[in-house]
Amino acid sequence: MSKNLPYIMPSPQPQVEEAFASYQTTHQFYDEVRSRSEFQGYCEWYYTTAEQHRQELKRMRGELNIFQWFRRR
């Protein structure tokens, strides 16, 4: 069986190894770019939402508290 191994899986050629290394590096680079841009988008969404919540809280604090009328303390 070991004598048939080169026919099943040929040994890699230097050009193939170089091309695969280049492909792998390029793939990792674009994967990193994608993950960083997704994280940047999440951060922008988070800060926008937090600012909206702060503005809503400020408006709510200025409104009349109706529930206070029903509480008897």
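Here the structure is a predicted model, which is why all the values come from computation and not from measurement.

Cut-off values and rules
Residues numbered from 1 in each chain as written. Predicted model: local features only at pLDDT ≥ 70, side-chain atom pairs only at ≥ 80, totals over all residues. Heavy atoms only, no water. pLDDT = per-residue confidence, 0-100. Helix = DSSP H or I, 4+ residues; strand = E, 2+ residues; numbered from the N terminus. Patch = residues over 30% accessible without salt bridge, like charges linked within 9 Å, V, L, I, M, F, W, Y side chains within 5 Å. Areas by Shrake-Rupley, 256 points an atom, 1.4 Å probe, with all protein chains shown as cover. Salt bridge = Lys/Arg side-chain N within 4 Å of Asp/Glu carboxyl O. Buried < 20%, exposed > 50% of the residue type's maximum accessible area, 1.4 Å probe, protein only. Phe/Tyr/Trp six-rings, centres within 6.5 Å; stacked < 30°, edge-to-face > 60°.

## A closer look at the confidence of the model for the protein
Overall, the predicted model of the protein reaches an average pLDDT of 84, with 81% of residues at or above 70. Per-element confidence in the protein is highest for helix α2 (residues 14-62), whose mean pLDDT is 93, and lowest for helix α1 (residues 5-8), whose mean pLDDT is 57.

## Remarks on a nonpolar patch on the surface
There is a patch of nonpolar side chains on the surface, built from F39, Y42, W45, Y46 and Y47 and spanning about 660 Å² of accessible area. Counting through the fold element by element, W45 comes out in helix α2.

## Observations regarding the pattern of salt bridges
Going through the model one piece at a time under the given rule, you end up with four salt bridges. The shortest N-O distance in the salt bridge between R34 and D31 comes to 2.4 Å. With R34 and D31 both in helix α2 and three residues apart, this pair spans about one turn of that helix. Exposure remark for D31: the relative accessible area of 36% places this residue in the partly exposed category. We note a salt bridge from R34 to E38, for which the minimum N-O separation is 3.2 Å. Note that R34 and E38 are positioned in helix α2 at a spacing of four residues, about one turn of the helix. The partly exposed category is assigned to E38, whose relative accessible area is 49%.

## Things to note about the packing of aromatic side chains
Considering all chains together, one arrives at four aromatic pairs under this definition. An angle of 35° between the planes, with centres 5.8 Å apart, marks the rings of Y42 and W45 as tilted. Of this pair, Y42 and W45 are both found in helix α2, three residues apart, which corresponds to roughly one turn of the helix. Pairing Y42 with Y46 gives two aromatic rings, centres 6.2 Å apart and planes at 35°, and the pair type is tilted. Of this pair, Y42 and Y46 both sit in helix α2, four residues apart, which is roughly one turn of the helix. Overall, the relative accessible area of 45% leaves Y42 in the partly exposed class. A relative accessible area of 44% places Y46 in the partly exposed class.

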